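Single-letter residue listing:
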Amino acid sequence: MNKKYRKAIIAGNWKMNMTASAVRPFIDELRAAMPKLKTCDAAICAPFPLIPALGKALRDFSRVAVGAQDVCEFPSGAHTGEVSCDMLTDLGVKYVIVGHSERREYQHEDDFKVNAKLRAAIAAGMTGIVCVGESLEQRNRGLTLEHIDYQVSSAVYGLTEEQARRCVVAYEPLWAIGTGVVATAEQAQEVCAEIRAVLKRRLGARTARAMSILYGGSMNAKNAAELLAMPDIDGGLIGGASLKPADFAAIIAATAQE
Ligand code: 13P
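Just so you know, these numbers come straight off a predicted model, no measurement behind them. (Residues numbered from 1 in each chain as written. Predicted model: local features only at pLDDT ≥ 70, side-chain atom pairs only at ≥ 80, totals over all residues. Heavy atoms only, no water.)

The calculated volume of the largest pocket comes to roughly 480 Å³. Forming the boundary of the largest pocket are 18 residues, of which Lys-15, Met-16, Gln-69, Arg-103 and Gln-107 lie nearest the centre. The element best represented in the lining of the largest pocket is helix H4 (residues 101–106), accounting for three residues. When grouped by side-chain class, the residues that make up the lining of the largest pocket number eight nonpolar, five polar and five charged. What the second largest pocket holds in volume is close to 250 Å³. Looking at the second largest pocket, it is lined by 19 residues, and the ones nearest its centre are Gly-178, Ser-218, Gly-239, Gly-240 and Ala-241. Here the residues of the lining of the second largest pocket are counted per class, giving seven nonpolar, nine polar and three charged. (1 Å grid on protein atoms, 1.4 Å probe; cavity = no way out; pocket = protein on both sides within 12 Å on 5 of 7 lines; lining within 4 Å. Points joined across faces, edges and corners; volume = space filled by probe spheres on them. Helix = DSSP H or I, 4+ residues; strand = E, 2+ residues; numbered from the N terminus. Nonpolar A, V, L, I, M, F, W, Y, C, P; charged D, E, K, R; others polar.)

This is how it looks when you write it as C-alpha cells:
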C-alpha cells in the first residue's frame with residue numbers, strides 16, 4: 001500500500017535509562033546532529049520523572065515530541081504508583097507506548113489491559129504506540145502470524161476508525177529487542193504487512209492505509225535505511241540507539257530516502 005497516506009515516525013524508547021540532569025545535554029547534542037530537512041515525526045518516550053525536563057529542553061525544538069512509556073487506563077483515584085492520561089497531557093506528552101513486551105512480561109500486562117490503556121490514551125488526545133511481537137519459540141513453531149493477528153485484533157478492539165488513526169502499531173519481535181539480532185527487512189516486512197491486513201479487516205482499507213506501522217528491535221543507524229525502505233514499515237521504535245544522540249539523528253535522517 002502507498003506510503004504517501006501515512007506519516008513516517010521515529011520514536012525513541014529510553015526505557016529505564018538517563019536522568020533528568022542528562023536530558024538537556026542530550027537534546028543539545030541531538031539538535032546539533034539533526035538533519036536539516038524534516039522527513040518524519042520524531043518523539044522520545046522518557047521515564048515519567050524525566051518528562052518535565054524533556055518538555056523544557058524541547059520547548060524551542062519542536063522537531064521532537066515528548067512521549068511516555070506507559071500510562072494507567074483509569075482516569076484518577078486509588079491507583080497507587082500509577083500515572084494518568086491527564087497527568088501526561090498536562091505535561092505536553094503527545095505519544096505514549098502501551099503494551100511493550102517488557103511490561104507484558106515483567107508487569108504481566110495482558111491484551112485486555114493493553115486495549116484499555118490504548119483506548120484511554122487515545123481518548124485523552126495522545127497517539128498510542130501499541131507494541132506487538134512474537135517470541136523466538138513462537139517464531140520457530142510457525143506461530144508468528146497467528147500470534148500477531150491476535151495481539152493486533154485485541155489491541156484495536158472497540159476503536160472507531162477515527163480513533164484508530166491516532167494509534168500506531170510497533171512490531172517488535174522479542175528475540176530482536178536489545179539483542180543486536182535485527183529481523184531481516186523481509187522478515188519485518190512480512191509481519192508488518194500482516195499487521196496492515198489485520199487492521200484492514202478490523203477497521204477498513206482507508207484506515208489501515210493511513211495507520212503508521214513501526215519496526216523495533218536492534219534498529220540502528222546502519223540497518224535503519226533498509227528496514228525503512230520496506231513498503232509496510234513506516235518508521236521505527238528505537239531502544240538502545242535512541243540513547244546516543246548522533247545515532248538517533250542518523251535513524252531520523254534515514255527516513256529521507258523515500
Ligand atoms: P532495542 O532497540 O534496544 O533493541 O529496543 C527496542 C525496543 O524495545 C524499543 O521499544
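Moving on from the coordinates now.
On to the packing of helix H1 (residues 20–33) against helix H12 (residues 245–253), then. Interhelical geometry of H1 versus H12 gives an angle of 40 degrees and a closest axis separation of 8 Å. Put simply, H1 runs oblique to H12. Once H1 is placed against H12, the crossing between them reads as right-handed. Where H1 abuts H12, its residues Phe-26, Glu-29, Leu-30 and Ala-33 lie against Pro-245, Ala-246, Phe-248 and Ala-249. Each residue belonging to the contact of H1 with H12 can be placed in one class, and the counts come to seven nonpolar, no polar and one charged. (Axes fitted to C-alpha atoms, helices over the stretch in contact; angles between N-to-C directions. Parallel < 35°, antiparallel > 145°, perpendicular 65-115°, else oblique. Left-handed = near helix turned anticlockwise from the far one by under 90°. Contact = heavy atoms within 4.5 Å.)

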